[in-house]
Amino acid sequence: MTPSPPTSSTGIRFGTAYYWEYQRAPDLKRDLDLMAEARIDTLRVGESVWSTWEPRDGGFDLGWLTPVLDGAHERGMRVLLGTPTYAVPPWLQRKHPELAVVRADGRRVPWGARQEVDFTSPTFLRYAERVIRQVIGAHGGHPAVLGIQLDNEPGLHLIHNEPVFERFKAWLASRYGDVGRLNEEWGLAYWSHRLTCWDDLWRPEGNTTPSYDLAWRRFQAELTTEFIAWQAGIVRELVPGDRELTTCLAYQRPALHDVELSRHLTVTSGNAYYLPQDALAGDSPVEITWFATGPAALLQAADRMYASREQRFWVTETNAGSIAGSQLNLPPYDGQLRQAAWALVARGAEMISYWHWNTLPYGAETYWGGILGHAMEPGRVHDEIAALGAELERAADDVTGLTPDADVGFLYSHDSKWALNFQPPLTPDGRNPDPDSYERVLATFYQGAVDAGLQVAFVSQVKRLPVLVAPALYCLTDETAAELEAYVRGGGHLIMTFRTGYADEEARARTEIAPGPLRALAGVRYLEYSTLLRPVPLHGLGLEDVARHWADGLELEGAEPLAHYDHHHFGRWPAITRHRVGEGTVTYVGTLPGRKLTAELFRHGKPTALVATRSQQVTVHSAVNARGERLWFVHNWSDRESTATLTAQATEVTGRREPLPPGLLRLAPFDIRVVK
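Since we're looking at a predicted model, the values are computed, not measured.

Novice: Can you break down the overall build of the chain residue by residue, with the values?
Specialist: Broken down by element type, the chain carries 18 helices and 30 strands. Here the C-alpha radius of gyration of the chain, 26 Å, is about what a compact globule of 676 residues would show, namely 26 Å. Considered along the principal axes of its C-alpha atoms, the chain spans approximately 75 × 70 × 45 Å. The buried share of the chain, reckoned over its 676 residues, is 60%. Of the contacts formed within the chain by residues at least 6 apart in sequence, a portion of 71% connects residues at least 24 apart. Averaging the coordinates of the 66 positive side-chain charges in the chain and doing the same for the 83 negative ones gives two points 1 Å apart.

Below you can see the structure in the form of C-alpha cells.
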C-alpha cells in the first residue's frame, strides 16, 4: 500500500488524549471549553476501550462518542480516532483463552493489562476487523476526524505461540531455501545443531545461536509491521482520502522496526516521555529507560521519530504531570513543560499532545498526572500549558513546516541493536550482561554531539552529512562498508566505535582481522580486546577523562593516535585514533570515553551559527520553516540564569517579538527563546 501524503497545517497542533468515558462525573462542555481556552485543538480518543465499543460479543455501542466529535467540531478542534485493538475486552479473552501470548518461558501472558493476545491469530483478526469496521465506519467520516490511529504502541511482546513458530519455520524456508544452506549460514555443526528438515528446528526459547536470534527478531518485527499494514488497508477503505494514518510508537518495543512500519503510515507518531525536575538538567547523566533523562535524551527521542519517515512527526504522548508509578511523583518545575515542547518542535514535531486531559482516579495509571489533577480543577500545570498554547498560536506562521537542521548523522541499525541485545559487549556490574549495550553506546555519542553544539539526524543508510557516526555497527554488510569508504574518500568524517564491523549481516563474527572490511579505512587493526571492569584514566586532545567498559587493543596501520590509556597494561595501545583517507577522515574510538572527551571528538568544522554557546546547560538548535527562514531555539536547562551570544541582529519569535542586537542573549532559569 502507498499511503497518501500528509495534509499540511498551519503552526503546531496542540492536543491531549481525552477519555470522557473514563470519568465518574463527566462534564463534556466544561472540558471542551477549558481545552479551547488552553488553545488545545486536537483530541485523541477511542483507542483503549474495545469493551465500551463492543460490551458483548457482536453487540456494539457506537453513539457515545458522537457528542465528543460534535463538541470538538463546534469549537474548531480536530480528533485523532483510534482503533481499539490493543486492549481486548473480557468476553473475548474468556471466549478464546488460546489467544493469550505465550512468552519465551512457555507461560501465557495473563489477562488484566493490555496487549495480551497473539495479534497474528486468524481468530483474533476476525474480531479485530469487525470492531475496526464498526468504529471507523461509524465515525471515520465525521468532519472533526483528522486521522486514524492504528492500534497503539505495537510490538510489546515476542510472540512464542505455536502457530507463530510454525510461520517462522516457513519464513526461514522462504529466505534460505533449504536446511543445508541454513546449517552453513548459522554454523549449526556447533553443539550438534545441524538440521535434516525444517521440523528439526528447535523452539526460540531454548536458543543459544546468535544468527537464529537475529532472524527471530527480524521475523517478529515483520509481524508487527504486517499487523499495522493490515489495519491501514481496512481503514483506508472506510475513510476519506485526506485522513491521516498513524500509530503511537514506543521505540523501546522489542518487536518493532519503526522505519519499515512507518512506510504504511502517512505520519509517524510516538511517545516523548521524560523525567522532569533535576533530571531534565543539562548535566544529567545518560540513563537507558523508556523515558528520557536529560535534554539530550529528549532530543534523541525526537530525532528518532523524525528518522522513521524522514519527515515531520506527531508527539501523541508526552507528560503533562508526573509519569510512571505511584512512587515517582515528579511534576515539572516551572518552565519545563514549555522547554520540552519547544525542544520537540525544534526537532520536527508538528503536534504536541499531552497524556492526558485529567488524572484518572482508578486503574494502573492512577498517578500519571494529566493536565487536570484528580480534583478536575485547573492548576499550575493547566495554566502553563494554556500559556504555551497561546505562545505556539502566536508563533504559528514562523513554525509552520519546520525542517530541522543536522550537522551529524547517526547510522542506526536495528540488526545491530538486536544482535547486541543477545550478546551484549558491556556489563553494568562486572558480571551480568547489559542488554542495552547498543543504546548505551549510541546515547554516549549522541550526548557528545549535543555537548559539542551539533544537531543530529538518525539515518538508516549512509548519507552525505559533514559527520557520520557508526555507533556499535556490529552487523555490517559488505555493501554498507563500501558506502562508508566512498563517504570518507569523498570528504566525510566518519566516527566509528568499538564493535563496528565485527560481525556480518547474520551476526557472525568475521573470521578476519578486525575491524574487518573497515580495517584499511580506519588505519588500525586489533586482535585483542578487553572488558574494563573499572574506569581507566584516559588522556588526549588536551583533556583528562576516563575510559569505561571496553578497550580494543588498537595497532596503528596508518592512523595517528589521539588519546591513550594511563594504565600499566592497556597503555600500550591508543584508545582513539584518526586516519586521513582521500578527502576525508576516520576517527576510531576503541572504548567508551567520558563525556568531556566524547564531546571534544565532535568539536570541529561547525558552521558559524547565529547563536553561540559553550555552556553545557545551554543548547542551540535550528530549523528552516516553510518560508525558508532559519529559526534558532536556545534552551537554558538549568535553575540559574544563563547567557548565549547572538552573532548578528535577530528577531525574537517568542516573548515580545522584538529586534535583538548582537551580543548577549539572556535566559532565565528553565527558559527557551526562539529567534530568527
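Novice: Tell me about empty space enclosed by the protein, and name the residues and values.
Specialist: One way to see where empty space is left: roll a probe the size of a water molecule over the atoms. Applying the stated criterion across every chain, the model contains 4 cavities of 30 Å³ or more. As for the largest cavity, its lining consists of 15 residues, and the residues nearest its centre are Gln115, Val117, Phe119, Asp151 and Gly155. Residue composition of the lining of the largest cavity, grouped by class: 10 nonpolar, 4 polar and 1 charged. When its volume is computed, the second largest cavity comes out at roughly 80 Å³. Together, Asp258, Val259, Arg304, Ala307, Glu310, Tyr412, His414, Phe458, Val459 and Ser460 line the second largest cavity. Elements supplying a minimum of two residues to the lining of the second largest cavity: α9 (258–262), α10 (295–309) and β12 (456–459). Grouping the amino acids of the lining of the second largest cavity by side-chain chemistry returns 5 nonpolar, 2 polar and 3 charged.

Novice: Go over helix α1 (residues 28–37) with me, naming the residues and quoting the values.
Specialist: Within α1, burial applies to Leu28, Asp31, Leu32, Leu34 and Met35. The buried residues of α1 occupy an angular sector of 160° when projected down its axis, which confines them to one face. Across from the buried face of α1, at angles greater than 90 degrees, the exposed residues are Lys29 and Glu37. Its buried side turned inward, α1 meets β1 (13–17), β2 (42–45), α3 (66–74) and α12 (380–394). The positive-phi residue at the C-terminal boundary of α1 is arginine 39, with phi of around 70°.

Novice: Can you lay out the sheet that holds strand β8 (residues 313–319) for me, pointing to particular residues and giving the numbers?
Specialist: The strand order β5-β4-β3-β2-β1-β9-β8-β7-β6 describes an open sheet built from 9 strands, whose pairing is parallel. Of all strands in the sheet, those with a lone pairing partner are β5 (244–246) and β6 (248–249), marking the two edges. With 4 bridges joining them, β1 and strand β9 (residues 349–355) adopt parallel strand pairing. By the bridge assignment, glycine 15 is partnered in β9 with serine 353. Packing of helix α5 (residues 122–139) onto the sheet brings it into contact with β3 (78–82) and β4 (145–149), and relative to β3 it is tilted by some 165°. Running at roughly 150° to β1, α12 makes contact with β1 and β9 of the sheet.

Novice: An account of the confidence of the model for the chain is needed here, citing residue identities and associated values.
Specialist: When pLDDT is averaged along the chain, the result is 95; 98% of the residues meet or exceed 70. Every residue in residues 1–8 is under pLDDT 50, and counting partners more than four places away or in other chains gives 17 contacts.

Novice: Pulling in residues and values, what's your account of the layout of surface pockets?
Specialist: Here the second largest pocket is characterised by a volume of approximately 830 Å³. Lining the second largest pocket are 36 residues, with His257, Glu260, Arg263, His414 and Ser460 sitting closest to its centre. Elements represented by at least two residues in the lining of the second largest pocket include exactly α6 (162–176), α8 (210–238), α9, α10, α14 (414–422) and α16 (478–489). Examining the composition of the lining of the second largest pocket, we find that 7 residues originate from one element, α8, more than from any other. Broken down by class, the residue content of the lining of the second largest pocket amounts to 12 nonpolar, 10 polar and 14 charged.

Novice: Now, about the pairing of strand β13 (residues 467–470): what can you tell me, with residues and values included?
Specialist: On β13, burial covers both faces: Val467 and Val469 on one face and Leu468 and Ala470 on the other are all buried. Of the pairings in the sheet, the one linking β13 to strand β14 (residues 493–497) comprises 4 bridges and is parallel in character. The residue of β14 that forms the bridge with alanine 470 is methionine 496. Tracing the backbone out of β13, into α16 and back to the parallel element β14 gives a crossover that is right-handed.

Novice: So, the packing of aromatic side chains: which residues are in play, and what are the values?
Specialist: The full count for this structure, using the stated rule, is 38 aromatic pairs. With 5.9 Å between their ring centres and 85° between their planes, tyrosine 273 and tryptophan 290 make a pair best called edge-to-face. Of this pair, tyrosine 273 sits in the loop between β7 (269–271) and α10 while tryptophan 290 is found in the loop between β7 and α10, placing the two residues 17 residues apart along the sequence. Summarising the aromatic geometry, the rings of tyrosine 502 and tyrosine 529 are spaced 5.7 Å apart at their centres and angled 90° between planes, so their arrangement reads as edge-to-face. Placement of tyrosine 502 in the loop between β14 and α17 (519–522) and of tyrosine 529 in strand β16 (residues 529–540) is noted, with a sequence separation of 27 residues between them. Taken together, the ring pairs in this structure connect Phe168, Trp171, Tyr176, Trp186, Trp202, Tyr212, Trp216 and Phe219 into an aromatic cluster.

Rules and cut-offs
- Residues numbered from 1 in each chain as written.
- Predicted model: local features only at pLDDT ≥ 70, side-chain atom pairs only at ≥ 80, totals over all residues.
- Heavy atoms only, no water.
- Helix = DSSP H or I, 4+ residues; strand = E, 2+ residues; numbered from the N terminus.
- Rg over C-alpha atoms; globule rule 2.2 N^0.38 Å.
- Buried < 20%, exposed > 50% of the residue type's maximum accessible area, 1.4 Å probe, protein only.
- Contact = heavy atoms within 4.5 Å.
- Lys, Arg positive; Asp, Glu negative; His and termini not counted.
- Charge placed at Lys NZ, Arg CZ, Asp CG, Glu CD.
- 1 Å grid on protein atoms, 1.4 Å probe; cavity = no way out; pocket = protein on both sides within 12 Å on 5 of 7 lines; lining within 4 Å.
- Points joined across faces, edges and corners; volume = space filled by probe spheres on them.
- Nonpolar A, V, L, I, M, F, W, Y, C, P; charged D, E, K, R; others polar.
- Arc of directions from axis to C-beta.
- Pairing = 2+ DSSP bridges.
- Axes fitted to C-alpha atoms, helices over the stretch in contact; angles between N-to-C directions.
- pLDDT = per-residue confidence, 0-100.
- Right-handed = clockwise from strand over helix to strand, strands pointing away.
- Phe/Tyr/Trp six-rings, centres within 6.5 Å; stacked < 30°, edge-to-face > 60°.

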